[in-house]
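Listed below, chain by chain, are the residues.
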2 protein chains.
Amino acid sequence: MAKPSKENTPITEHLAYLLAQANREINRQLELRLSKEGVPVEQWRILKVLSDGNGHSMGELADAVLLNHPTLTKMIDRMVSDTLVYRVQDPNDRRKVLMFISDRGKVLSRKLNSLAVDQEEHILESYGDKSTSELKRLLESLIDSSN
Amino acid sequence: MAKPSKENTPITEHLAYLLAQANREINRQLELRLSKEGVPVEQWRILKVLSDGNGHSMGELADAVLLNHPTLTKMIDRMVSDTLVYRVQDPNDRRKVLMFISDRGKVLSRKLNSLAVDQEEHILESYGDKSTSELKRLLESLIDSSN
DNA sequence: TTGAAAATATTGAATATTCAACAATTGAAG
DNA sequence: CTTCAATTGTTGAATATTCAATATTTTCAA
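None of these values were measured; they are calculated from a predicted model.

**Quick word on the overall build of chain A**
- In terms of regular secondary structure, chain A is built from 6 helices and 3 strands.
- Shown N-terminal to C-terminal, the secondary structure of chain A runs as helices and strands in the order α-α-β-α-α-β-β-α-α.
- Considering only C-alpha atoms, chain A reaches an extent of 70 × 35 × 25 Å along its principal axes.
- Burial statistics for chain A: of 147 residues in total, 46% are counted as buried.

**Describing the protein's contact with DNA strand C**
- Around DNA strand C, 19 residues are found, and the nearest of them are Lys74 and Arg95 of chain A together with Gly59, Lys74 and Arg87 of chain B.
- Note that a phosphate oxygen of DNA strand C is positioned 3.1 Å from one of the side-chain N or O atoms of Thr71 of chain A.
- For the surface near DNA strand C, the secondary structure elements donating two or more residues are helix H4 (69–81) of chain A together with helix H3 (58–65) and helix H4 (69–81) of chain B.

**Considering the protein's contact with DNA strand D**
- The immediate surroundings of DNA strand D are formed by 19 residues, with Gly59, Thr73 and Lys74 of chain A together with Lys74 and Arg95 of chain B found nearest.
- What you see for DNA strand D is that sugar and phosphate hold 69% of its atoms within 4 Å of the protein.
- Measuring from a phosphate oxygen of DNA strand D, one finds a side-chain N or O atom of Thr73 of chain A at 2.8 Å.
- Note that a base oxygen of DNA strand D is positioned 2.8 Å from one of the side-chain N or O atoms of Lys74 of chain A.
- Those elements that provide at least two residues to the surface near DNA strand D are helix H3 (58–65) and H4 of chain A together with H4 of chain B.
- For the surface near DNA strand D, the per-class residue count stands at 4 nonpolar, 6 polar and 9 charged.

**Quick notes on the relation of the copies chain B and chain A**
- Mapping chain B onto chain A calls for a screw motion: a turn of 180° about the axis and a shift of 0.0 Å along it, with 0.0 Å RMSD after fitting. Those values place the two copies in the arrangement expected of a two-fold rotation axis.
- Interface residue correspondence from chain B to chain A reaches 100%, placing this contact among same-surface, isologous pairings.

**Overview of the pattern of salt bridges**
All names here are of chain B.
- Summed over the entire model, instances satisfying the criterion amount to 12 salt bridges over all chains.
- Arg87 is paired through a salt bridge with Asp77; the nearest N and O atoms lie 2.9 Å apart. A residue pair is termed long-range when its members are at least 10 positions apart, and Arg87 in strand E2 (residues 85–89) and Asp77 in helix H4 qualify at 10 residues.
- Overall, Arg87 belongs to the partly exposed group, its relative accessible area being 36%.
- Residue Asp77 is classed as partly exposed on the basis of its relative accessible area, which comes to 36%.

**Topic: the sheet that holds strand E3 (residues 97–101) of chain A**
Residues and elements named next belong to chain A.
- Pairing is antiparallel in the open sheet, where 3 strands are placed in the order E1-E3-E2. At either margin of the open sheet sits one strand with a lone partner, and together these are strand E1 (56–57) and strand E2 (85–89).
- For E1 and E3, the ladder comprises 2 bridges, and the chain directions are antiparallel. Its bridge partner lying in E3, His56 is registered against Met99.
- Seen against the sheet, helix H2 (residues 41–50) touches E1, E2 and E3 and runs at an angle of roughly 95° to E3.

**Comments concerning the packing of helix H6 (residues 129–145) of chain A against helix H6 (residues 129–145) of chain B**
- Between H6 of chain A and H6 of chain B, the shortest axis-to-axis distance is 10 Å and the interhelical angle comes to 130°. Taken as axis vectors, H6 of chain A and H6 of chain B run oblique relative to one another. Along this stretch, H6 of chain A crosses H6 of chain B, giving a crossing that reads as left-handed. Counted together, Ser131, Glu134, Leu135, Leu138, Leu139 and Leu142 of chain A of H6 of chain A and Ser131, Glu134, Leu135, Leu138, Leu139 and Leu142 of chain B of H6 of chain B form the full contact between these two elements.
- For the contact of H6 of chain A with H6 of chain B, a count of residues per class yields 8 nonpolar, 2 polar and 2 charged.

**Topic: the interface of chain B and chain A**
- Contact with chain B, which involves 57 residues of that partner, is made by 57 residues of chain A.
- Taken over both partners, the interface formed by chain B and chain A buries close to 5,100 Å², and the fraction arising from carbon and sulfur atoms is 68%.
- Between the two partners, chain B and chain A, sit 0 salt bridges.
- Where chain B packs against chain A, one counts 16 residue pairs in polar contact (both at pLDDT 80 or more).
- Within the residue set of the side of chain B that touches chain A, elements represented by two or more residues are helix H1 (15–34), helix H2 (41–50), H3, helix H5 (103–127) and H6 of chain B.
- Considering every element that reaches the side of chain B that touches chain A, the biggest residue donor is H1 of chain B, with 14 residues.
- Tallied by class, the residues present in the side of chain B that touches chain A amount to 26 nonpolar, 17 polar and 14 charged.

How each quantity is defined
- Residues numbered from 1 in each chain as written.
- Chains lettered and ligands numbered in written order.
- Predicted model: local features only at pLDDT ≥ 70, side-chain atom pairs only at ≥ 80, totals over all residues.
- Heavy atoms only, no water.
- Helix = DSSP H or I, 4+ residues; strand = E, 2+ residues; numbered from the N terminus.
- Buried < 20%, exposed > 50% of the residue type's maximum accessible area, 1.4 Å probe, protein only.
- Near = heavy atom within 4 Å.
- Polar contact = N/O pair within 3.5 Å; in protein donor to acceptor, adjacent residues only side chain to side chain.
- Nonpolar A, V, L, I, M, F, W, Y, C, P; charged D, E, K, R; others polar.
- Least-squares fit on C-alpha atoms with pLDDT ≥ 70 in both.
- Contact = heavy atoms within 4.5 Å.
- Salt bridge = Lys/Arg side-chain N within 4 Å of Asp/Glu carboxyl O.
- Pairing = 2+ DSSP bridges.
- Axes fitted to C-alpha atoms, helices over the stretch in contact; angles between N-to-C directions.
- Parallel < 35°, antiparallel > 145°, perpendicular 65-115°, else oblique.
- Left-handed = near helix turned anticlockwise from the far one by under 90°.
- Buried area = accessible area lost by both parts, 1.4 Å probe.

Spelled out as structure tokens, the structure:
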């Protein structure tokens, strides 16, 4: 019996493709909601991370919000112009810049969170509680196993 | 007892974020392998879809490979220059353009598939057979429920 | 049959992202 | 101490993506 070859697997069966497709779709939906406040998904992430009130360096932020450094720098430039966040030089390591959320940023962050929560709840409804938490668990473990 | 508020959920617990993170990581790994042939992930997808030998319209292709139309048009322009694919006007509907894979494209496609299969096997090893198929199942069903 | 609306693909301008080079600071070896 | 390598963040040029406008063809209603 011939050993089953994976060479002709349709693209829709590749994990990489399924992840890209699911991510694209969920992201599109989230984008749609956040557009009510005229804010891209990445800015929601940035505000969410910073809303712990602590200072976060650019490198740390870039990791957390899944952007590479130059892209983050330029996005932060815009957010500083919009007075949503501000930069402070790290006194302990003057190479670093610490980012903080402003009061205006906090107000916006609350609105965005509520839009994001809306979406999560919408997913829970149409996709189910069980599937959602199981999917989250598997994704976390995939991410873990990739490091 | 206070009703649990989701407003302060850390970003790492949002499905949208987990999907983005997992997708980024898996995509990065795939990119790394395909870079051996100097080809971006999207071109692998295009070649894979076209390797059924049939003609596919630009719209159909754009859906299948998760690119929007103008981006696809420009990527196809490059691939035509590299003689990996070619355009034919659809005789039944002259608004449409049918894309076909060339012989050179087929040769490249085989190499790319083997690199992609390598990755899937690597994932199976580190992440496990069971988890992988379960994750795929859940992703498919999430995508379904989003349409 | 005609004319307006829809579908399909491309183009060019505006934006955004990425890559490589740079500047500043820190760490660490000699 | 001094010097050289590593770390951190930004910049500018090169690329890539997106949005809006366009051209072409088809569909379909009047």
